Amino acid sequence: MKFSVLTYNLEFGKATSKLPKIISRYQPDIITFQEINTSPESLACMKRLGYSLADYANAFIKFNNIFGVATYYKKGSIRHIQSDSIDIPASMLEILTFIFRGGRRQRTILK
């Protein structure tokens with residue numbers, strides 16, 4: 001089975017306006033987002049482009065919004081069965097950075 005995957009950093013909403021053009025050009029079967037606003041309204045926006053939400057995970061708060069990662073799929077070409085989120089533990093460097101500079105960013109992936 002062949003399928004295409006697009007991963008895209010939304011830059012906290014700054015790059016959202018470019019999505020329709022990118023999706024039209026590449027027509028991926030699966031799309032993964034980083035730095036996506038995980039409010040219900042934001043997560044529902046991909047429906048109008050023909051994609052269903054597989055899963056999402058919250059990672060951090062910025063600009064009074066919750067951001068994280070999300071995975072979408074085209075129902076006609078991919079079937080979603082199950083998903084889980086995995087928190088990635090911090091490295092020693094990240095722990096030291098948190099202690100001296102503050103503000104550790106949680107890293108999360110979807111499985």
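Everything in this summary refers to the structure shown in the same document. (Residues numbered from 1 in each chain as written. Predicted model: local features only at pLDDT ≥ 70, side-chain atom pairs only at ≥ 80, totals over all residues. Heavy atoms only, no water.)

Attention shifts here to the overall build of the chain. The helix and strand tally for the chain stands at 3 helices and 6 strands. For the chain, the succession of helices and strands along the chain, N to C, is β-α-β-α-β-β-β-α-β. The buried share among the 111 residues of the chain stands at 31%. Restricting the contact set of the chain to residue pairs at least 6 apart, pairs at least 24 apart contribute 58%. (Helix = DSSP H or I, 4+ residues; strand = E, 2+ residues; numbered from the N terminus. Buried < 20%, exposed > 50% of the residue type's maximum accessible area, 1.4 Å probe, protein only. Contact = heavy atoms within 4.5 Å.)

Moving on to a nonpolar patch on the surface. A cluster of nonpolar side chains, M1, F3 and V5, forms an exposed patch at the surface whose accessible area comes to about 380 Å². Mapped onto the fold, F3 is located in the segment before β1 (5–9). (Patch = residues over 30% accessible without salt bridge, like charges linked within 9 Å, V, L, I, M, F, W, Y side chains within 5 Å. Areas by Shrake-Rupley, 256 points an atom, 1.4 Å probe, with all protein chains shown as cover. Salt bridge = Lys/Arg side-chain N within 4 Å of Asp/Glu carboxyl O.)

Glancing now at the packing of aromatic side chains. In total, this model carries 4 aromatic pairs according to the counting rule given. Pairing Y8 with F33 gives two aromatic rings, centres 6.4 Å apart and planes at 75°, and the pair type is edge-to-face. With Y8 in strand β1 and F33 in strand β2 (residues 30–37), this pair connects stretches of sequence that are 25 residues apart. Comparing Y8 with F33, the two get one shared label, buried. For the ring pair F33 and Y72, a centre distance of 5.7 Å and an interplane angle of 70° mean the geometry is edge-to-face. On the criterion of sequence distance, the pair formed by F33 in strand β2 and Y72 in strand β4 (residues 65–73) is long-range, its members being 39 residues apart. Comparing F33 with Y72 shows no difference in burial state: the two are buried. (Phe/Tyr/Trp six-rings, centres within 6.5 Å; stacked < 30°, edge-to-face > 60°.)

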